Amino acid sequence: QVQLVESGGGLVQAGGSLRLSCAASGRTFNSYIMAWFRQAPGKEREFVASITWTGGRTNYADSVKGRFTISRDNAKNTVSLQMNSLKPEDTALYYCAVRRLVANKYDYWGQGTQVTVSS
């Protein structure tokens, strides 16, 4: 059974930084994409960034390009999201998710970690 456990959320002032981590277990992820999504109160969940487990190809939402960096540590089975220059609009519950490369939906989700950016 795949398990995803996020950590690293918290309260930070605008302009600050946070680093989120997602510990993945339960299988090998060689043919998977790992991603971060977020959901702010009253809004739909939105894509933030993704990375292929093999090759490390990345993709970002326009709203976070140049500020956020996704990375993975294959040896530790973790995916991280370095968030810099945070804005109040980045406030949300951040989720880690995985899907197979050939799938069109994310199969497994973590419980989420809260990020709050104060102005």
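This section reports on the structure supplied with the text.

Pairs can form between side chains of opposite charge whenever their charged atoms are close. Counted according to the given criterion, the structure contains six salt bridges. Two residues, Arg38 and Asp90, come together in a salt bridge whose shortest N-O distance is 2.9 Å. Highlighted residues: Arg38 in strand E4 (residues 32-39) and Asp90 in the loop between strand E8 (78-83) and strand E9 (92-100), separated in sequence by 52 residues. The class of Asp90 is buried, set by a relative accessible area of 1%. Measuring nitrogen to oxygen at the nearest pair gives 2.7 Å for the salt bridge that ties Asp90 to Arg67. Taken together, the residues span a long stretch of sequence, with Asp90 in the loop between E8 and E9 and Arg67 in the loop between strand E6 (58-60) and strand E7 (68-73) at a distance of 23 residues. The residues Asp90 and Arg67 share a single accessibility class, namely buried. One connected set of salt bridges, linked through shared partners, spans Arg38, Glu46, Arg67 and Asp90.

For the rest of this paragraph, the subject is the packing of aromatic side chains. Counted under the stated rule, the structure contains seven aromatic pairs. Look at Phe37 and Tyr106: their rings are 5.0 Å apart centre to centre, the planes differ by 80°, and that puts the pair in the edge-to-face class. Taken together, the residues span a long stretch of sequence, with Phe37 in strand E4 and Tyr106 in the loop between E9 and strand E10 (108-109) at a distance of 69 residues. Each member of the pair, Phe37 as well as Tyr106, carries the same accessibility label: buried. Seen from their ring centres, Tyr95 and Trp109 are 6.4 Å apart, and the 80° between their planes marks the pair as edge-to-face. Taken together, the residues span a long stretch of sequence, with Tyr95 in strand E9 and Trp109 in strand E10 at a distance of 14 residues. Among the residues examined, Tyr95 registers a relative accessible area of 13% and is labelled buried. Joined through ring pairs, the aromatic side chains of Phe37, Phe47, Tyr95, Tyr106 and Trp109 make up one cluster.

The rules we used
Think of each chain on its own: its residues are numbered from 1, step by step along the sequence as written. This being a predicted model, a pLDDT of at least 70 is required before a residue's local features are given, and a value of 80 or more before pairs of side-chain atoms are given or counted; all residues contribute to the totals for chains, interfaces and linings. The side-chain figures draw on all heavy atoms in the structure; neither hydrogens nor water molecules are used. The salt bridge definition used is simple: a Lys or Arg side-chain nitrogen within 4 Å of an Asp or Glu carboxyl oxygen. The secondary structure listing takes helices from DSSP runs of H or I that are at least 4 residues long and strands from runs of E that are at least 2 residues long, numbered from the N terminus. Burial here depends on accessible area, computed with a 1.4 Å probe over protein chains only, as a share of the maximum for the residue type. Under 20% is buried, over 50% is exposed, and the range in between is partly exposed. The aromatic pairing rule takes the rings of Phe, Tyr and Trp, using the six-membered ring of Trp, and pairs them if the centres are within 6.5 Å, calling planes under 30 degrees apart stacked, those over 60 edge-to-face and the rest tilted.

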